[in-house]
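# Architecture at a glance
Residue-level listing of the chains:
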Amino acid sequence: MIGVTVSIEYDDDYSNRYRKLHDRMAGFGISEDKSTSCLFLDTDDAEAVHTALYGALDFRKDKVIVFTTYAHTLKRFGPT
């Protein structure tokens, strides 16, 4: 499982980049999407996820961390 945490700079193009991010990540099978800044994807290919982010976000402004999780256990806190 791959985790992706993002910080998209809020500007005139924010909504467009946010939509593109989710469109690109949907191809990897989003396992958890309750937050606006962290996604868990049903894939083990961190390099493919990293490559898919190009064109979706503006790397002059936006920040992304792609990481591998070693346990497929998700714990949730708060309303569902």
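Going along each chain's sequence as written, the residues are numbered from 1 onward. Given that the model is predicted, a residue must reach a pLDDT of at least 70 before its local features are reported, and side-chain atom pairs must reach 80 or more before they are shown or counted; all residues, however, enter totals for whole chains, interfaces and linings. Think of the side-chain values as coming from all heavy atoms in the structure, minus any hydrogens and water.

### A word on the overall build of the protein chain
Secondary structure elements follow DSSP: runs of H or I of four or more residues count as helices, runs of E of two or more count as strands, with numbering from the N terminus. When helices and strands are tallied, the protein chain shows 2 helices and 4 strands. When the helices and strands of the protein chain are placed in sequence order, the string is β-α-β-β-α-β. Scored against the burial criterion, the 80 residues of the protein chain give a buried share of 30%. Contacts spanning at least 24 positions in sequence make up 65% of the contacts within the protein chain whose residues lie at least 6 apart. Residue burial is assigned from relative accessible area. The probe radius is 1.4 Å, only protein chains are included, and a residue is buried under 20% of its type maximum, exposed over 50%, and partly exposed in between. Note on contacts: a residue pair is in contact if any heavy atoms of the two residues lie within 4.5 Å.

### Digging into the packing of aromatic side chains
Pairing of aromatic rings covers Phe, Tyr and the six-membered ring of Trp, with a centre-to-centre limit of 6.5 Å; geometry is then stacked below 30 degrees between planes, edge-to-face above 60, and tilted otherwise. Under the criterion given, the structure shown has 4 aromatic pairs. Seen in terms of ring centroids, Tyr10 and Tyr14 are 5.1 Å apart; in terms of plane orientation they differ by 50°. Their pairing is tilted. The partly exposed category is assigned to Tyr14, whose relative accessible area is 23%. Between the aromatic rings of Tyr14 and Tyr18, the centroid separation amounts to 6.0 Å while the plane-to-plane angle is 15°, which identifies the pairing as stacked.

### Things to note about helix α2 (residues 46-53)
Among all positions in α2, only Val49, Ala52 and Leu53 are buried. Summarising the axial view, the buried residues of α2 lie within an arc of 105°, below the 170-degree limit, and thus occupy one face. Each element contacted by the buried residues of α2 is listed here: β1 (2-7), α1 (14-26), β3 (38-41) and β4 (63-68). One or two steps after α2, the chain reaches Gly55, where phi turns positive at roughly 90°. Picture the helix axis, draw a direction to every C-beta atom, and the arc is the one those directions span.

### Section: the pairing of β1
For two strands to be treated as a pair, DSSP must find at least two bridges joining them. Here β1 pairs with β3 via 4 bridges, running antiparallel. The partner of Ile2 across the bridge, within β3, is Leu41.

### Considering a negative patch on the surface
Residues Asp42, Asp44, Asp45 and Glu47 make up a contiguous surface patch of negative charge. Relative to the helices and strands, Asp42 resides in the loop between β3 and α2. Like-charged residues within 9 Å of one another, or nonpolar side chains (Val, Leu, Ile, Met, Phe, Trp, Tyr) within 5 Å, are grouped into patches, provided each residue has over 30% relative accessible area and no salt bridge. All accessible-area figures derive from a Shrake-Rupley calculation using a 1.4 Å probe, and residue coverage is judged against the displayed protein chains alone. Every case where a carboxyl oxygen of Asp or Glu lies within 4 Å of a side-chain nitrogen of Lys or Arg is listed as a salt bridge. Just so you know, the count uses Lys and Arg for positive and Asp and Glu for negative, and it drops His and the chain ends. Each charge is placed at NZ for Lys, CZ for Arg, CG for Asp and CD for Glu.

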